[in-house]
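Below are the chains, spelled out letter by letter.
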Amino acid sequence: MNIIHTVNAPAAIGPYSQGYEVNGLVFTSGQIPIDPATGEIPEGIAAQCERSCRNVAAILEAAGTGMDKVFKTTCFLQNMEDFAAFNEVYAKFFTSKPARSCVAVKTLPKGVLCEIEAIATK
């Protein structure tokens, strides 16, 4: 098992790692839309989805893989009314169309609108 860490994604805001590599698989922690350089959170679901996707991509890159190797994601939305706008941005990043679960939750850390986690191969 290898812990994945990169300065190109936000540091963990709790007792967890950005990701793990285990037996050729990479598991990312859920990524919320925090800009790792500034700590800022963009406004709106489209900008937040894009930032979350970029954070996932940074962790995958640090592990030596990429978005094209993702085969499963789990997505959390604060409001299911954002589903269509979320999907529009999500589709630009996850072009391989991985298996996915997408659920609405009551709240997310720091009051963000979305969170994305991924599982990829090397």
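Look a little higher up for the structure.
Below you will find a few notes about this structure. Being a predicted model, the structure only gives us computed values, none of them experimental.

## Overview of the pairing of strand E4 (residues 70–77)
Reasoning step 1: Here E4 pairs with strand E6 (residues 114–121) via 7 bridges, running antiparallel. Within the sheet, the bridge partner assigned to Phe76 lies in E6 and is Glu115.
Reasoning step 2: Across 6 bridges, the pairing between E4 and strand E5 (residues 99–104) is parallel. Considered in E5, the bridge of Lys72 is made with Ala99.

## Looking at the pairing of strand E3 (residues 25–28)
Reasoning step 1: Burial of E3 is one-sided: the residues Val26 and Thr28 facing one way are buried, the residues Leu25 and Phe27 facing the other way are not.
Reasoning step 2: Bridging between strand E2 (residues 19–22) and E3 involves 4 bridges; their strand directions are antiparallel. Residue pairing in the sheet places Glu21 in a bridge with Val26 of E3.
Reasoning step 3: The hairpin formed by E2 and E3 contains 2 residues between the paired strands, and Asn23 there has a positive phi angle of roughly 50°.

## Digging into helix H2 (residues 83–93)
Reasoning step 1: Within H2 the residues assigned to the buried category are Phe86, Val89, Tyr90 and Phe93. Buried residues in H2, looked at end-on, bunch into an arc of 105°, giving them a common side. The exposed set on the far side of H2, more than 90 degrees from its buried face, consists of Ala84, Glu88 and Lys92.
Reasoning step 2: If you follow the buried residues of H2, they end up packed against helix H1 (45–62), E4, E5 and E6.

## As for the pattern of salt bridges
Reasoning step 1: Scanning the entire structure with this criterion turns up 3 salt bridges.
Reasoning step 2: The partner of Lys122 in a salt bridge is Glu21, and the shortest N-O contact between them spans 3.6 Å. Separated by 101 residues along the polypeptide, Lys122 in the segment after E6 and Glu21 in strand E2 bring together distant segments of the chain.
Reasoning step 3: With its nearest N and O atoms 2.8 Å apart, the salt bridge here joins Arg54 to Glu50. Of the two residues, Arg54 and Glu50 are both situated in helix H1; the distance of 4 residues between them amounts to about one turn of the helix.

Calculation criteria
- Residues numbered from 1 in each chain as written.
- Predicted model: local features only at pLDDT ≥ 70, side-chain atom pairs only at ≥ 80, totals over all residues.
- Heavy atoms only, no water.
- Pairing = 2+ DSSP bridges.
- Helix = DSSP H or I, 4+ residues; strand = E, 2+ residues; numbered from the N terminus.
- Buried < 20%, exposed > 50% of the residue type's maximum accessible area, 1.4 Å probe, protein only.
- Arc of directions from axis to C-beta.
- Contact = heavy atoms within 4.5 Å.
- Salt bridge = Lys/Arg side-chain N within 4 Å of Asp/Glu carboxyl O.

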